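Chains, contacts and geometry: an overview
Read off the chains here:
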Amino acid sequence: MKHLTYNISEIKTVARQLWNEYSSKKIWAFHAPMGSGKTTLIHALCEVLRVKDAVSSPTFAIINEYTSPVAGTIFHIDGYRMKDETEAVQAGCEDCIDSGHYCFIEWPEKFPELLPEDTMHLSLEAIDNKVRKLVIL
C-alpha cells in the first residue's frame, strides 16, 4: 500500500508518477466520494498520455473512449448511475474491462465482480479544497 498526499496544483506530476510506476496495470479503479477528484486525476492522466479527445466525466454516457499515442485506447467508465453488475454488463462495461485496453473506472464498487484480480485500486480523499490523499491498494 502506498500513500501520497498532494496539492491539486501538483496533479499532473502525480499523474506522471502514477503512470511511470503503474502503467503495467490495465484496469485502474478509482474509489472516492463525490467531489474528491476522481475525474480530475483521470483528466491529468489523460494529459500525461497525450489524449487529444475532450476528457470529461462519463456520468451520463457511462463510457467514454479516448485515444492516446502513448497508451492506445483508453476507456473511462463511470459506474455512478449503475445499480449492479448486470446493468454494467448491459452497458458494455464488461466488454471494455475484458478488451485488453486501459480502463479508468470511477465508482467501481457498483460492479466489483467484473474487476479482474490484478485491478489497481486507488482511493482518493479530499483533505481540504486543495489537498488530496491518494492511497494505492
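Look up a bit, the structure's there.
Heads up: these notes are all about the structure in this document. Computed from a predicted structure; not experimentally measured.

Further remarks concern empty space enclosed by the protein. Applying the stated criterion across every chain, the model contains one cavity of 30 Å³ or more. As a volume, the largest cavity reaches approximately 40 Å³. The wall of the largest cavity is formed by Lys2, Leu4, Val14, Gln17, Leu18, Glu21, Tyr22 and Ile136. Here the element with the most residues in the lining of the largest cavity is helix α1 (residues 11-22); it accounts for five residues.

What follows deals with the pattern of salt bridges. Enumeration over the complete set of coordinates arrives at three salt bridges. In this structure, Glu21 and Lys2 form a salt bridge, with 2.7 Å as the shortest nitrogen-oxygen distance. One end of the pair, Glu21, is in helix α1; the other, Lys2, is in strand β1 (residues 2-7), and 19 residues separate them in sequence. When its relative accessible area of 41% is taken as the criterion, Glu21 is described as partly exposed.

Our focus in this paragraph is the state of the cysteines. Should the sulfur atoms of two cysteines be covalently bonded, the bond is a disulfide. Scanning the model with the defined rule gives zero disulfides in all. Of all cysteine sulfurs in the structure, the one in Cys96 sits closest to Cys103, which takes part in no disulfide; the separation is 5.7 Å. For Cys103, a relative accessible area of 0% corresponds to the buried category.

What counts, and at which threshold
Residues numbered from 1 in each chain as written. Predicted model: local features only at pLDDT ≥ 70, side-chain atom pairs only at ≥ 80, totals over all residues. Heavy atoms only, no water. 1 Å grid on protein atoms, 1.4 Å probe; cavity = no way out; pocket = protein on both sides within 12 Å on 5 of 7 lines; lining within 4 Å. Points joined across faces, edges and corners; volume = space filled by probe spheres on them. Helix = DSSP H or I, 4+ residues; strand = E, 2+ residues; numbered from the N terminus. Salt bridge = Lys/Arg side-chain N within 4 Å of Asp/Glu carboxyl O. Buried < 20%, exposed > 50% of the residue type's maximum accessible area, 1.4 Å probe, protein only. Disulfide = S-S within 2.5 Å.

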